[in-house]
Amino acid sequence: MSRPSLSSSTFSASNSDNISTLLDPRYPFKNIESSLSRDLGRIRIDEHYSDTTISVKGKNYAVHKVILAARSSVFHAMFKSRMQESKENHIIITDIDSDIFEEMLHYIYTGKANNLKVLAYELFSVADKYDLKHLKTICEQALIRNLSVDNAGKILTLADMHNAEILKVHTIQFIKRNAANGNCKDFRNTDLWKILSTSGPDLMRDMLAAFFE
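To start, this report covers the structure provided alongside it. Since we're looking at a predicted model, the values are computed, not measured.

## Description of the overall build of the protein chain
Each helix and strand counted, the protein chain has 13 helices and three strands in total. Taking all 213 residues of the protein chain together, 34% fall into the buried category. Excluding contacts between residues fewer than 6 apart, the proportion of contacts in the protein chain whose partners are at least 24 apart in sequence is 57%. Element-wise, carbon and sulfur atoms account for 54% of the exposed surface of the protein chain, whose accessible area totals about 13600 Å².

Printed below as a string of structure tokens:
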């Protein structure tokens, strides 16, 4: 069978105009991407094609194994295993609050995270647990943007607990800058001093190294 040629009879000016439009850098390709995110977001709340239920603190969520498994290696291993829960297509999660789980589900389906200014701390831990690397990164960025004297100790502990070196470095540098500006007394009214006094030697070494570099 011969291939169709792109002769003038088959390749009209209107075809050329359409291709020119597609190649135009102003063409909104981002709308195509957002459409996928929006469509998958609709699937999340539509129970007709779900094949598994996840129960979290008394609330049930109808989910799709293939989407969760594709996004999270932890869910992939969970569904692949021969655990009784996996066989029965009903999984119970007890160590996450339902509002945090809902935000994680929203991210898994849409690639977007909401309310990071409020929920980044909790979502960071959940993202690390379920191996959602991109979610962990954007939570880390939100935590860095919202560092304050009041939350620096809490975020430093979180970074140390999850081996988040970038977050730890930014937090230590934030503490160092504020201390250099004469704000040490502000930290005394927070949990920072208690955290440092009870932390392991590695975190204290990192703090001392930053202050004496």
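## Considerations on unusual backbone geometry
Its identity as a non-glycine residue notwithstanding, Lys57 has a phi of 50°, on the positive side. With respect to the helices, strands and loops of the structure, Lys57 is situated in the loop between β1 (52–56) and β2 (59–63). The class of Lys57 is partly exposed, set by a relative accessible area of 48%. A positive phi angle, near 55°, is found at Asp131, a position not held by glycine. A relative accessible area of 26% means that Asp131 is categorised as partly exposed.

## Considerations on the packing of aromatic side chains
Enumeration according to the criterion identifies three aromatic pairs in this entry. Consider the rings of Tyr61 and Phe101, whose centres lie 5.1 Å apart with planes at 55°: the pair is tilted. In this pair, Tyr61 sits in strand β2 while Phe101 sits in helix α6 (residues 98–110), placing the two residues 40 residues apart along the sequence. Each member of the pair Tyr61 and Phe101 is classed as buried. An angle of 20° between the planes, with centres 5.9 Å apart, marks the rings of Phe75 and Phe79 as stacked. With Phe75 and Phe79 both in helix α4 (residues 73–80), this residue pair falls four residues apart, about one helical turn.

## What to know about the pairing of β1
Most of β1 sits inside the fold, with four of its five residues counted as buried. Relative to β2, β1 is paired through five bridges, and the arrangement is antiparallel. Residue pairing across strands places Thr52 opposite Val63, the latter belonging to β2. In textbook terms, the turn of a hairpin is the stretch between consecutive antiparallel strands, and for β1 and β2 this stretch comprises two residues, one of which, Lys57, has a positive phi near 50°. The pairing of β1 with strand β3 (residues 90–93) spans four bridges and is classified as parallel. Along β3, the bridge assignment pairs Ile54 with Ile91.

About the cut-offs
Residues numbered from 1 in each chain as written. Predicted model: local features only at pLDDT ≥ 70, side-chain atom pairs only at ≥ 80, totals over all residues. Heavy atoms only, no water. Helix = DSSP H or I, 4+ residues; strand = E, 2+ residues; numbered from the N terminus. Buried < 20%, exposed > 50% of the residue type's maximum accessible area, 1.4 Å probe, protein only. Contact = heavy atoms within 4.5 Å. Areas by Shrake-Rupley, 256 points an atom, 1.4 Å probe, with all protein chains shown as cover. Phe/Tyr/Trp six-rings, centres within 6.5 Å; stacked < 30°, edge-to-face > 60°. Pairing = 2+ DSSP bridges.

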